[in-house]
Amino acid sequence: MRLQNVFLVILLSILSGPALAKCQSVAKLVAFEGQVSIKPNSKVLKTSPGVLPRSLCAGDEIHTLEGRALTDDGRLSVAIDSFSLAIFTGVSKAELNKGQALFEVHKRTAQKGVEVKTRLSVIGVKGTRFLVGDKDEGVSVVLDQGVVDITSTQGPIGLYRETEVSKPVEDDFESYARRHAEGIASEKNAFEQYKTEVQREFVAYVESLTLEAGKELVTQGRIAVERKISGDAAQAIKSLRAWQDKN
Amino acid sequence: MPLPLTRREFTHLASALVSLGLLLTLLFHWQPGPIAALASAISDTYYRFNPHTPSRDIIFVAVDHQAVKQFGRWPWPRQRIAAGIEKCRAASVIALDMVFSEPTEPEQDKALGAALAQATTIGGFLLNGIRNLRPDEAGMNLLANSSLTDFQDVRLIESEEVELSISDVLAGQAALASLNTLPDKDERFRHYPAAFVLLGSVQPSLGVQTMQVFLDSQASLRGNDGDLLKTAKLRFAERVVHLDQRGFTRLNFYPEDRFHTLSFAQLFAPDFQPDQFQGKVVLFGITEAGIADVRATPLGQYPGPLMHATFMANLLDGHGLQELEAPTMAGVLFLVLSSVLAIMLIRQILLRALLYLGLASAVYLLGLLLYRQAGIWLESGYAITAVAIAAMTIETTLLSHSRKHAEKLRLAFSTYLPPGLVNRIVENPDQLKLGGEKKEISVLFSDIRGFTSMSEGVSPERLAEIMAQYFQPMTEAIFDQGGTLDKYIGDAIMALFNAPLDQPDHVLAACRAAVAMQYAQIRINESLGKAGATAMKTGIGINCGAAIVGNLGSSIRFNYTAIGDTVNLASRLESATKKLGVDIVISESVYLRVNSALPCRALGDVHVAGKEQAQKVYELCWQMIADPFTGKILHATSPDFS
């Protein structure tokens, strides 16, 4: 009997060998369009996605140029926009290193364990749909639905909140512009600068915060600004959602 | 220092050298064609001293003359190329410096694609090639797969047009890479591009892509983000390639024959060993004359494929070069210019010239040393140019200063000194101490006796004529003996000997001048007599001793003169001539120096104004001395001579 067990273990080991050699799938590439490449973990050269759905191993990277890609692991779907780089580090764990991607958690019950990293923060997901972007102007987290916890990976950051510009502020600006006309390239630039100064209100130094739906947080260096979703972000979400729904 | 420059001249010179340093730094930064070509003509010679051999991990398979002779004119049927590539299947990576952009027979094209697929093959494409086509979807996808992803702040050259291989060939290639290289402004190829931007993606060059696969290391490209103190870099783990602002690196060229090269024909030789390619990089390229892309490099005509091989070999064995950035070059230039300025302190022009040459040679050798020992590329041409221009500027300034100084000296002394002496001063200005010094001199004073009574009966115009007639020969007599005309004081003359220039026999010279003046007086009197004028007599006093000489006076007006007891006594001796009834009276100090050479007569002790004690004085018996002008003696003996 004991000998039989030993043989069984050996047999199972032999049979499961190739399966173990092949990596564990952490997500699947379910759709793409345009120039999309996959760089398998520990490989130097990228390859084309090939036949869909294509399994992604931990550490695999999806690179997009003029193209988009959609991944799904059952709990989390990621719509990767053009000129982006996303790395899938584990099940429902992803990093966005460049560009932007729309993350969507399918069920409220599936939120636990979903984690998205950027070069400046870790996003713990409580909500269902959010756009993450890493561009020249900073790293942004745009929350469309639900709630997310954002933790800075670079220690405490100064949190500012933007308020809307009202008419009296515009009047104040006119006198401000008159006083500071010299040395400022144009009134428009001056107004933008003035708006930024007036609208930003320092809140606190924080290491983590909770972002509510309809808000976006833009982090650059050690400053994070919380504001309403901008038109560009709303447009990006709309575009990616439309493509996601189509696929 | 040859002649100390004035503060203003030094400021101008220093400003010129600083401007030169800045100008050369800017030229180094901008590299305008002709200037860069001149500079490179010097530094290109360093490549002749490259001690390295390229890595044996790189094997160049050349479509050369032997292969063309064996398989016929290029282009060959693609199955032939496929057969050659199959022979290299053991290679770690195959790099193709070829683009198959025209379709041939489908089975031929497919055969090549299939052969390429059996190994890890990096194919090439040409930016702005001859047959530019918008890549199809497969081409775009392969370009996407081939692009570099780890890059930041780079300013690469961009292109929208590309010549790719046909899709059947592309299908067998693991990745693509750019085959383009660009010449420097003088049309010579010295630099190798890390990557280009093609249709929005960063595409590596063949060498970079091949090394990514061979080293199994992803390349990371970092720009300097506009910071002149930082260099752009391409990294493969620990290996670093230094790049310029465009993302190009300077290649360290090896002589062509040092590469491990095989003819394509040798792949089909009976003794061919495919195992020799195991784990190697195999680069396919064309060297056959007429079809090869031959490049003009510092080592002469060089096969284009070896540019890629050179980059790879530089990377593998750490033979790459780092070019100095503009701020470092500015430091080198200013160090060199400071050295040139220090050479200016050397007195002898020949020694200075040798030191300029030595400095230029040292700069060249420093560049060579940095190249061979540290892989640092110093464009020594700029520093050598700095030495040459700075040396010319300094020498021109010194020459101009010397001329101005000579002119100034000539102006200052031509009224005091005979032209010969002025020339000596100009030629050896360092003999001259103009600030005032105490030195032994001889002082001669002369005066016309009875000048006041004589001048009363003569009109001012006639008097001026007579004085001109008098002063001319008298002054010439002083100049002939190397004396300095200090001044005319009415009808009197004051002359110095042994100042400003040293005159070893100054006492004797002063006495001879006095003698000449007395003979000149005779000739003047003869002339005056003919004109019906009264004859004149000149009394001369000579003394020697220490006095203060130099440019004395105020900043408003000064002149070269002497002051002190020696001068006063000479003046008193001249005054005493009338009372003593002789023409030339000399002091005891003069007498002691000349009595062995000239006839003198003691006149006894005489009280002179300003001296408490009586002074021993002597008559210089000039009549017994030959006229320096005619050579005749007035009297062989003097009745009073003792």
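Residues numbered from 1 in each chain as written. Chains lettered and ligands numbered in written order. Predicted model: local features only at pLDDT ≥ 70, side-chain atom pairs only at ≥ 80, totals over all residues. Heavy atoms only, no water.

What chain B contains, in helices and strands, is 18 helices and 28 strands. Residues counted as buried form 52% of the 642 residues belonging to chain B. Within chain B, contacts between residues at least 6 apart in sequence are counted, and of these 75% link residues at least 24 apart. Counting only carbon and sulfur atoms, one obtains 55% of the accessible surface of chain B, whose full area is about 29,000 Å². (Helix = DSSP H or I, 4+ residues; strand = E, 2+ residues; numbered from the N terminus. Buried < 20%, exposed > 50% of the residue type's maximum accessible area, 1.4 Å probe, protein only. Contact = heavy atoms within 4.5 Å. Areas by Shrake-Rupley, 256 points an atom, 1.4 Å probe, with all protein chains shown as cover.)

With that out of the way, let us pick up the overall build of chain A. Of regular secondary structure, chain A possesses four helices and 16 strands. Out of the 247 residues belonging to chain A, those deemed buried represent 43%. Contacts in chain A between residues far apart in sequence, at least 24 positions, make up 57% of those at least 6 positions apart. Carbon and sulfur atoms provide 53% of the accessible area of chain A, an area that totals close to 13,300 Å².

Moving on to the side chain of lysine 280 of chain B. All names here are of chain B. Tracing the sequence through the fold places lysine 280 in the loop between strand E15 (260-263) and strand E16 (281-286). Separated by 3.4 Å, the side chains of lysine 280 and aspartate 57 make a polar contact. Among residues more than four places away in sequence, those in contact with lysine 280 are Arg56, Asp57, Ile59, Ala91, Ser92, Val93 and Phe214. (Polar contact = N/O pair within 3.5 Å; in protein donor to acceptor, adjacent residues only side chain to side chain.)

Residue and element names in this part refer to chain B. The three strands are arranged E5-E9-E10 in an open sheet whose pairing can be described as mixed. The strands lining the two open edges of the sheet, one partner per strand, are strand E5 (158-159) and strand E10 (201-204). Of the pairings in the sheet, the one linking E5 to strand E9 (residues 195-198) comprises two bridges and is parallel in character. When the bridges of E9 are listed, serine 159 appears paired with leucine 198. (Pairing = 2+ DSSP bridges.)

Residues and elements named next belong to chain B. Among the nonpolar cores identified, the biggest contains 52 residues, and Ile122, Leu206, Met211, Leu221, Leu234 and Phe311 are the most heavily contacted of them. Residue contributions to this core peak at eight residues, all from helix H9 (residues 305-316). Composition of this core by domain shows at least three residues from each of domain 1 (7-34 + 325-408) and domain 2 (53-216 + 252-318). Those residues within four positions of leucine 221 in sequence are excluded, and the remaining contacts are Leu148, Asp150, Phe151, Gln152, Val154, Leu156, Ala194, Ala195, Val202, Lys233, Leu234 and Leu243. Among the nonpolar cores identified, the runner-up in size contains 46 residues, and Leu463, Cys511, Ala516 and Tyr618 belong to it. (Core = buried A, V, L, I, M, F, W, Y, C linked by side-chain atoms within 4.5 Å. Domains from an automatic or database assignment.)

Right, let's talk about the packing of aromatic side chains for a bit. All names here are of chain B. Applying the stated criterion across every chain yields a total of 25 aromatic pairs over all chains. A ring pair is formed by tryptophan 76 and phenylalanine 264, whose centres lie 4.9 Å apart and whose planes are at 45°; its orientation type is tilted. Of this pair, tryptophan 76 sits in the loop between helix H3 (65-71) and helix H4 (78-87) while phenylalanine 264 is found in the loop between E15 and E16, placing the two residues 188 residues apart along the sequence. On the basis of relative accessibility, which here comes to 1%, the residue phenylalanine 264 falls in the buried class. Note on tyrosine 470 and phenylalanine 471: the rings are 5.5 Å apart at their centroids and 65° apart in plane angle, and the pair reads as edge-to-face. The class of tyrosine 470 is buried, set by a relative accessible area of 0%. One cation-aromatic arrangement involves arginine 80 over phenylalanine 268; the distance from NZ or CZ to the ring centre is 4.9 Å. In this structure, arginine 295 is placed above the aromatic ring of phenylalanine 189, and the distance from its NZ or CZ to the ring centre is 4.9 Å. (Phe/Tyr/Trp six-rings, centres within 6.5 Å; stacked < 30°, edge-to-face > 60°. Lys NZ or Arg CZ within 6 Å of the ring centre and 35° of its normal.)

A separate point is the pattern of salt bridges. The full count for this structure, using the stated rule, is 27 salt bridges over all chains. Taking the shortest distance from any N to any O, the salt bridge between glutamate 33 of chain A and arginine 68 of chain A comes out at 3.2 Å. Placement of the pair is glutamate 33 of chain A in strand E1 (residues 25-39) and arginine 68 of chain A in strand E3 (residues 60-72), with a sequence separation of 35 residues. Where lysine 537 of chain B meets aspartate 583 of chain B, a salt bridge forms, and the shortest distance between an N and an O atom there is 3.6 Å. (Salt bridge = Lys/Arg side-chain N within 4 Å of Asp/Glu carboxyl O.)

Here we take up the interface of chain B and chain A. Listed per partner, the contact involves 20 residues of chain B and 15 residues of chain A. Each partner contributes to the roughly 1,400 Å² buried at the junction of chain B and chain A, and carbon and sulfur atoms together form 52% of this total. In terms of surface lost to chain A, no three residues of chain B exceed Ala144, Asn145 and Thr149 of chain B, which account for 38% of the buried area on that side. Summed over the shared surface of chain B and chain A, the number is zero salt bridges. (Buried area = accessible area lost by both parts, 1.4 Å probe.)

Here glutamine 623 of chain B lies in the segment after strand E28 (615-620). Residues within four places of glutamine 623 of chain B in sequence aside, it is in contact with Tyr519, Asp583, Ile633, Leu634 and His635 of chain B.

Another point: the pairing of strand E11 (residues 219-222) of chain B. All names here are of chain B. As judged from the two bridges shared by strand E4 (residues 151-152) and E11, these two strands associate in the parallel manner. Across the sheet, residue glutamine 152 finds its bridge partner in E11, namely arginine 222. Bridging between E11 and strand E12 (residues 232-236) involves four bridges; their strand directions are antiparallel. Considered in E12, the bridge of leucine 221 is made with leucine 234.

Our focus in this paragraph is the sheet that holds strand E13 (residues 239-243) of chain B. Residue and element names in this part refer to chain B. With mixed pairing, four strands are arranged side by side in an open sheet as E4-E11-E12-E13. Of all the strands in the sheet, the pair left with one neighbour each is E4 and E13. Contacting E11, E12 and E13, helix H8 (residues 206-215) crosses the sheet at an angle of about 35° to E12. Each of E12 and E13 touches H9; the most contacted strand, E13, lies at about 130° to it. (Axes fitted to C-alpha atoms, helices over the stretch in contact; angles between N-to-C directions.)

Residue and element names in this part refer to chain B. Two numbers describe how H8 lies on H9: the axes approach to 9 Å, and their chain directions differ by 45°. With respect to H9, the element H8 is oriented oblique. Crossing of H8 over H9 shows right-handed handedness. Residue-level contacts link Leu206, Gly207, Val208, Thr210, Met211, Phe214 and Leu215 of H8 to His308, Phe311, Met312, Leu315 and Leu316 of H9. Class assignment of the residues belonging to the contact of H8 with H9 gives a composition of nine nonpolar, three polar and no charged. (Parallel < 35°, antiparallel > 145°, perpendicular 65-115°, else oblique. Left-handed = near helix turned anticlockwise from the far one by under 90°. Nonpolar A, V, L, I, M, F, W, Y, C, P; charged D, E, K, R; others polar.)

So, about the confidence of the model for chain A. Residues at a pLDDT of 70 or more form 73% of chain A, whose mean pLDDT is 80. Confidence drops under a pLDDT of 50 for residues 12-21 of chain A, and excluding neighbours within four residues, the segment shows zero contacts in the predicted structure. (pLDDT = per-residue confidence, 0-100.)

Let us now look at the environment of leucine 299 of chain B. Residues and elements named next belong to chain B. Following the sequence through the fold, leucine 299 ends up in the loop between strand E17 (294-297) and strand E18 (300-303). Using a relative accessible area of 18% as the deciding quantity, one classes leucine 299 as buried. Considered as a pair, leucine 299 and glutamate 256 are 43 residues apart in the sequence and their alpha carbons are 8.7 Å apart. Setting aside residues up to four positions removed in sequence, leucine 299 forms contacts with Tyr47, Arg48, Phe253, Tyr254 and Pro255.

What follows is about unusual backbone geometry. All names here are of chain B. Put simply, tryptophan 74 and proline 75 share a cis peptide bond, and its omega is 5°. Residue placement: proline 75 occurs in the loop between H3 and H4. Following alanine 499, the chain continues to proline 500 via a peptide bond in cis, the omega torsion being 0°. Mapped onto the elements of the fold, proline 500 is located in the loop between strand E23 (492-497) and helix H16 (506-530). With a phi angle near 50°, alanine 237 is a residue other than glycine that sits in the positive phi range. Classification of alanine 237 as exposed rests on a relative accessible area of 55%.

Residue and element names in this part refer to chain B. Here helix H17 (residues 565-580) spans 21 Å end to end across 16 residues, near enough to the 22 Å set by a 1.5 Å rise per residue. Those residues of H17 that fall on the buried side of the exposure criterion are Thr566, Val567, Leu569, Ala570, Ser571, Leu573, Glu574, Ala576 and Thr577. Positioned one or two residues after H17, glycine 581 has a phi angle of 70°, which is positive. (Expected span 1.5 Å × (residues − 1).)

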